[in-house]
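Structural description and commentary
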Amino acid sequence: MSKSKNTLPTRSSATEVDEFLAKLAANPPPAKAGSRRGRLIFAMDATASREPSWDHACHIQAEMFQETNALGGLDIQLCYYRGYHEFDASVWLNNAVDLHTFMSAVHCVGGLTQLQRILKHAAAQSTQQKINALVFVGDCMEEDVDAVCHQAGRLGIMGVPCFMFHEGYDAQAERTFREVATLSRGAYCRFDTSSAQQLKDLLRAVAVYAAGGAQALEDFGKRNGGIIQRLSHQIQK
């Protein structure tokens, strides 16, 4: 996997996290009719450099299901790319055990990014049934930026916000991920390999958002504090 030579700040700033949370609060999913469950696409780069983060995600993924049952529940579809044009997506899963089983069977393999393919897949899924959000976790971008942004714009029109979680400091990835977030009406947040807790909290927040919307996220923030509490403050405004 290629790495940018540009030098960026060595840590995520509190301002970046606050900006991410503010954007998340400003774009709640539409209210779901009846008891329909929230639907979240959890997409990850599974190329070689992602092995440590994949392991982290396997351990913390259960957090995405916590607190959502009372909101009507949450269905998650895991998508990933790796190797030479390899792309896969799970069936829709509604519990942590099944998601962990699927993730544990995946091994990271060297290859180029396929973000455009992730976005196309999300658009296709959205035509079948409403997708409340897409979360992507990756560290670089090696594709045609215009083509990727075109797909992000389609998702914006379809009402599928993309929340781009950027591990590391690759400059090209940052520019593209920010643009994808803007065009889809989602948000961007950078984290580093030492901030597994931050990633856990952000994934929990997006899961609650997808399952119950802004009010549910505000209530969740009151119970948990931290960066989730800061999101609650944004909602109250």
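Just so you know, the residues in each chain are numbered from 1, in the order the chain's sequence is written. With the structure being a predicted model, the display of local features is reserved for residues of pLDDT at least 70 and the display and counting of side-chain atom pairs for 80 or more, all residues being used for whole-chain, interface and lining totals. To get the side-chain values, all heavy atoms of the structure are used, and hydrogens and water are removed first.

1. Notes on the packing of aromatic side chains
Put simply, the rule is: The aromatic pairing rule takes the rings of Phe, Tyr and Trp, using the six-membered ring of Trp, and pairs them if the centres are within 6.5 Å, calling planes under 30 degrees apart stacked, those over 60 edge-to-face and the rest tilted. Under the scheme used here, helices are H or I runs from DSSP no shorter than 4 residues and strands are E runs no shorter than 2 residues, and both carry numbers assigned from the N terminus. With a 1.4 Å probe rolled over the protein chains alone, any residue whose accessible area is under 20% of its type maximum counts as buried; one over 50% counts as exposed, and the rest are partly exposed. Whether a charge lies above a ring is judged from NZ of Lys or CZ of Arg, which has to be within 6 Å of the ring centre and within 35 degrees of the ring normal.
Counted by the stated rule, this structure contains five aromatic pairs. Judged by centre distance (6.4 Å) and plane angle (20 degrees), the ring pair of Tyr 81 and Phe 136 falls under stacked. Taken together, the residues Tyr 81 in strand E2 (residues 74-82) and Phe 136 in strand E4 (residues 133-138) connect sequence positions 55 residues apart. The exposure class of Phe 136 is buried, given its relative accessible area of 0%. Between Arg 39 and the ring centre of Trp 92, over which it is positioned, the NZ or CZ distance is 3.9 Å.

2. Quick look at the pattern of salt bridges
Note the cut-off: Should a side-chain nitrogen of Lys or Arg be within 4 Å of a carboxyl oxygen of Asp or Glu, the pair is scored as a salt bridge.
In total, this model carries six salt bridges according to the counting rule given. Residue Arg 82 is joined to Glu 86 by a salt bridge in which the shortest nitrogen-to-oxygen separation is 2.9 Å. Put simply, Arg 178 and Glu 174 hold a salt bridge, and the shortest N to O gap is 3.0 Å. Residue Arg 178 and its partner Glu 174 are both found in helix H6 (residues 171-184); the two are separated by four residues, about one turn of the helix.

3. Observations concerning the environment of Cys 162
Put simply, the rule reads: In what follows, residue pairs with any heavy atoms lying within 4.5 Å of each other are defined as contacts.
Structurally, Cys 162 can be placed in strand E5 (residues 162-167). Accessibility expressed as a relative area gives 0% for Cys 162, which makes it buried. Separated by 22 residues in the primary sequence, Cys 162 and Ser 184 have C-alpha atoms spaced 5.9 Å apart. The residues touching Cys 162, leaving out its near neighbours within four places in the chain, are Leu 119, Leu 134, Leu 155, Val 180, Ala 181, Ser 184, Gly 186 and Ala 187.

4. Quick notes on the sheet that holds E5
What counts, and what does not: For two strands to be treated as a pair, DSSP must find at least two bridges joining them. With axes taken as lines fitted to C-alpha atoms, and helix axes fitted only over the stretch in contact, angles between N-to-C directions fall between 0 and 180 degrees.
The six strands lie next to each other as E3-E2-E1-E4-E5-E6, forming an open sheet whose pairing is mixed. Two strands close off the open sheet at either side, each with one partner strand: strand E3 (86-89) and strand E6 (187-191). Pairwise comparison of adjacent strand axes, ignoring direction, gives a mean angle of 15 degrees for this sheet. As paired elements, E5 and E6 share five bridges and run parallel to each other. Across the sheet, the residue bridging to Met 164 is Tyr 188, located in E6. The strands touched by helix H2 (residues 51-60) within the sheet are strand E1 (38-45), E2 and E5, with E1 carrying the most contacts at an inclination of about 155 degrees.

5. Observations regarding helix H5 (residues 145-158)
The criterion, for reference: By this rule, a helix spans an expected 1.5 Å times one less than how many residues it contains. By construction, the arc corresponds to the directions joining the helix axis to the C-beta atoms.
In a regular helix each residue adds 1.5 Å, so 14 residues correspond to 20 Å; H5 covers 20 Å between its end C-alpha atoms and thus fits that length. Within H5, burial applies to Val 148, Cys 149, Gln 151, Ala 152, Leu 155 and Gly 156. Buried residues along H5 cover an arc of 160 degrees about the axis, so they all sit on one side. Relative to its buried face, H5 has exposed residues pointing more than 90 degrees away, namely Asp 146, His 150 and Ile 157. At the C-terminal side of H5, Gly 159 shows a positive phi close to 80 degrees.

All quantities given are derived from atomic positions and should not be read as evidence of function.
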